[in-house]
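Here is what each chain is made of, one letter per residue.
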Amino acid sequence: MSVRVDGEKSDAVPARYRGLRRVLRGPRPEKVPGLVGTACAIIGFLDVAAGVFPRFRHSRMHAVAEVLPGALGPFAAALAISAGVLLLLLAHGLKRRKRRAWVAAVVLLPAGAVAQFVYRHSVIGTLLSLALLALLLRHRGEFAALPDPRSRWKALANFVLLGIGSVGLGMIIVSSHPHRVVGEPGFADRLEHVVYGLVGLEGPVDYTGQVSWTVGYSLGALGLLTALTTLYLALRPESPAARLTDDDEARLRELLDQHGGRDSLGHFALRRDKGVVFSPSGKSAVCYRVVSGVMLASGDPIGDVEAWPGAIEQFMEQARLHSWTPAVMGCSETGGHVWTRETGLDALELGDEAVVHVPDFSLSGRAMRNVRQMVKRIERGGYVTRVRRVADIPVEELERIRRAAADWRGTDTERGFSMALGRIGDPEDGDCVVATAHKADEDGNPGPYGDLKAVLHFVPWGPDGMSLDLMRRDRSADPGMNELLIVAALQTAPELRVQRVSLNFAMFRAALARGERLGAGPVLRGWRGLLVFLSRWFQIESLYKFNAKFRPVWEPRFLVFRNTRDLPRIGFAAMQAEGFVTLGLPRPFNRGGAARQARPCAHVPTVAQARTSESEPQAA
């Protein structure tokens, strides 16, 4: 378009026309999935409302609908409800660009539009469904994400959740015709009518006119929808989250033998319920888990720093193909620089890792007085300690340690993600270190674990270091078991040729430390107060103070993320990965180590460490 300025033509477009052009051009492609997902949820709700509430059914199309056969009305109501429920379920998949969700939506939208038209609904709902269908078809290239790995547990979850939802929606359907009900049925009668209707039987509630057919068709459609979706999820081929194969683990061990000293979290990559992607050269790898659509890596990439960009590129490509949200928990400062430089992601300081340098550690001095007094008191109480490599522990004793650690866990769910190996005593982990506390019972009874009272497990950190994996103790033992065993491990470290020991990770350590200093501002004091309040449930402050007893060097750890709006989702996924939030159905946990699966890694679930105890932190 051109306009004249001082008698000459100009290609400048007035602002009012630029806005019109943007509207006609439509939304930017990258924003289409989010808009389509939201619109799909709205239209799904309208479809459900159209089939349930009578006030939505009267419009100018009433005269046209009257000439249609009478049975089509109740059938159309049931179809509208079914299509609406399915569209509501598909909305999240569309936002994540899933191809299967796109195919299902393309089928359901015209079905819902026809149902709304036939069932005497306003033409507006029909036009909205068709408009969304046109948008889906135009931008079909934006919906190419591969499906997530799946298991048959989803079939049972679908049956329970959709069944509960069908009963609730059925109660609304049964109660939405108060002027057509025969008699005065109570709540129990209505609930019974819903339950019978979901399985295709006639219940105790009766209506005048065609309302009985409408309610019957609608309840039957909900029951059929629940049954068919459950049957589909149960019979479709299972593709569970992959574990490390023997080959994957062997390749990772080779990388750790060469470069394991770079990152104290490196050995935790050998969890057999983590997925892994390798760089094209095979010299670097990134281990990760997918939780609620978040592709969550832990620590730095494994291997040669020069090859890290190749592994990171493969990681980001997997996230793009599946439309997962990429994130990294607990990477070092060097790792954070590489991640942000190669991907354009952002970084946020998450906390600090406590690292003790063994040559500098001593119990002498005023700063170590409390730890020194506690250790001496416990030793006078008759406790003795042993610090050994796993390979040097007899098999029978190792089995007792493994069983005690599992029974002393304190939670039904194994916790952790980034700082736990998830197993003790595996033959492949002979270099791991176990510190144990022992005390014979006064009555002479050996107990189920002999004289064992507490366990600490460390994993290798290169040739001259080790990282704390878990801390478990008998709750009847004296307080201070963790301090006793950490001191014993640090004092025995030179014999094991260990020069540095990584202890627990303290979240938001800097904020806690700075907030209690003299002259701290109101914002910093308020932030510290909030962290102290949250420590009632998550032991943020107590873990920091416990680590500080050993005078460690604090190494910052970072969270890498794509954008700020992803942080709540990443935080929730991290809590799931750490085991603080459990949404899935309970599964048996192999306490001796997860069984290996001979399938390539696509993505994986993980678990790891918790720090919970009555009086002291305890790694899970």
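Thresholds applied
Residues numbered from 1 in each chain as written. Predicted model: local features only at pLDDT ≥ 70, side-chain atom pairs only at ≥ 80, totals over all residues. Heavy atoms only, no water. Salt bridge = Lys/Arg side-chain N within 4 Å of Asp/Glu carboxyl O. Helix = DSSP H or I, 4+ residues; strand = E, 2+ residues; numbered from the N terminus. Buried < 20%, exposed > 50% of the residue type's maximum accessible area, 1.4 Å probe, protein only. Patch = residues over 30% accessible without salt bridge, like charges linked within 9 Å, V, L, I, M, F, W, Y side chains within 5 Å. Areas by Shrake-Rupley, 256 points an atom, 1.4 Å probe, with all protein chains shown as cover. Lys, Arg positive; Asp, Glu negative; His and termini not counted. Charge placed at Lys NZ, Arg CZ, Asp CG, Glu CD. Pairing = 2+ DSSP bridges. Axes fitted to C-alpha atoms, helices over the stretch in contact; angles between N-to-C directions. Parallel < 35°, antiparallel > 145°, perpendicular 65-115°, else oblique. Left-handed = near helix turned anticlockwise from the far one by under 90°. Contact = heavy atoms within 4.5 Å. Nonpolar A, V, L, I, M, F, W, Y, C, P; charged D, E, K, R; others polar. Core = buried A, V, L, I, M, F, W, Y, C linked by side-chain atoms within 4.5 Å. Right-handed = clockwise from strand over helix to strand, strands pointing away.

Q: Got a sec to walk through the pattern of salt bridges? Specific residues and values, please.
A: Counted under the stated rule, the structure contains 16 salt bridges. Two residues, Glu397 and Arg386, come together in a salt bridge whose shortest N-O distance is 3.8 Å. Here Arg386 lies in strand β9 (residues 384-389) and Glu397 lies in helix α14 (residues 395-407), a separation of eleven residues in the sequence. In this structure Arg386 comes out as partly exposed when scored by relative accessible area, which is 39%. A salt bridge links Arg500 to Asp464; the nearest nitrogen and oxygen atoms lie 3.5 Å apart. Of the two residues, Arg500 is situated in strand β13 (residues 500-507) and Asp464 in the loop between β11 (452-460) and β12 (465-473); the sequence distance between them amounts to 36 residues. Through salt bridges with shared partners, a single ionic network connects Glu249, Arg253, Arg272, Arg423, Asp426 and Asp429.

Q: Any details on a negative patch on the surface? Residues and values, ideally.
A: A surface patch of like charges, here negative, comprises Asp247, Glu254, Asp257 and Asp431. Positionally, Asp431 belongs in the loop between α14 and β10 (433-438).

Q: Provide a residue-level description of the environment of Gln258, including the pertinent values.
A: Following the sequence through the fold, Gln258 ends up in helix α10 (residues 246-259). Since its relative accessible area comes to 58%, Gln258 is described here as exposed. Measuring from C-alpha to C-alpha, the distance between Gln258 and Asp304 comes to 8.3 Å, with 46 residues separating the pair along the chain.

Q: Outline the pairing of β10, listing residues and values.
A: On a regular strand, one side chain projects to one face of the sheet and the next to the other, so that they alternate. Counting buried positions over the six residues of β10 gives six, a clear majority of the element. On β10, burial covers both faces: Val433, Ala435 and Ala437 on one face and Val434, Thr436 and His438 on the other are all buried. With six bridges joining them, β10 and β11 adopt antiparallel strand pairing. Counterpart to His438 in the pairing with β11 is Leu452.

Q: Which residues make up the packing of helix α2 (residues 32-52) against helix α6 (residues 123-138), and what values go with them?
A: Helix packing for two helices is described by the angle between their axes and how far apart those axes are. At their nearest, the axes of α2 and α6 sit 10 Å apart, and the two run at 155° to each other. Between α2 and α6, the angle falls in the class roughly antiparallel. As α2 packs across α6, the resulting crossing turns out to be left-handed. For the pair α2 and α6, the contacting residues are Val36, Ala39, Cys40, Ile43, Leu46 and Asp47 in the first and Leu128, Ser129, Leu132, Leu135 and Leu136 in the second. Along the lines of polarity and charge, the residues of the contact of α2 with α6 split into nine nonpolar, one polar and one charged.

Q: Quick one: what's the story with a nonpolar patch on the surface, residue by residue and with numbers?
A: A cluster of nonpolar residues, Trp153, Leu156, Phe159, Val160, Leu161 and Ile164, forms a patch on the protein surface that exposes about 610 Å² of accessible area. One can find Phe159 in helix α7 (residues 153-175). Judged by its relative accessible area of 48%, Phe159 falls in the partly exposed class.

Q: Run through the nonpolar core, naming residues and quoting values.
A: If you look at the biggest cluster of nonpolar residues, it comprises 41 residues, and the most contacted ones within it are Leu252, Val276, Leu296, Leu452 and Ile570. Of all the elements, helix α19 (residues 567-578) adds the most residues to this core, at four residues. Ignoring any residue separated from it by four or fewer positions in sequence, one finds Ile570 in contact with Val294, Leu296, Thr325, Pro326, Ala327, Leu559 and Phe561. If you look at the next biggest cluster of nonpolar residues, it comprises 36 residues, including Val375, Ala437, Met466 and Ala493.

Q: Kindly report on the packing of helix α11 (residues 308-322) against helix α12 (residues 333-343), identifying the contributing residues and their values.
A: In the contact formed by α11 and α12, the axes pass within 10 Å of each other and the chain directions differ by 60°. Relative to α12, α11 is oriented oblique. You can see that α11 and α12 cross each other, and the crossing is right-handed. Contact residues: α11 offers Trp308, Pro309, Ile312, Phe315 and Met316, while α12 offers Thr334, Gly335, Val338, Trp339, Arg341, Glu342 and Thr343. When its residues are assigned to classes, the contact of α11 with α12 shows seven nonpolar, three polar and two charged.

Q: Residue-level account of the pairing of β12, with values.
A: With nine of nine residues buried, β12 is to be regarded as a mostly interior element. Note: β11 against β12, seven bridges, orientation antiparallel. When the bridges of β12 are listed, Ala454 appears paired with Arg473. The hairpin turn running from β11 into β12, its antiparallel successor, is four residues long, and Gly462 in that turn takes a positive phi close to 70°. In terms of strand pairing, β12 meets β13 through three bridges, oriented parallel. Of the residues in β13, the one forming a bridge with Gly465 is Arg500. One crossover worth recording links β12 to the parallel β13 by way of helix α15 (residues 481-492), and it is right-handed.

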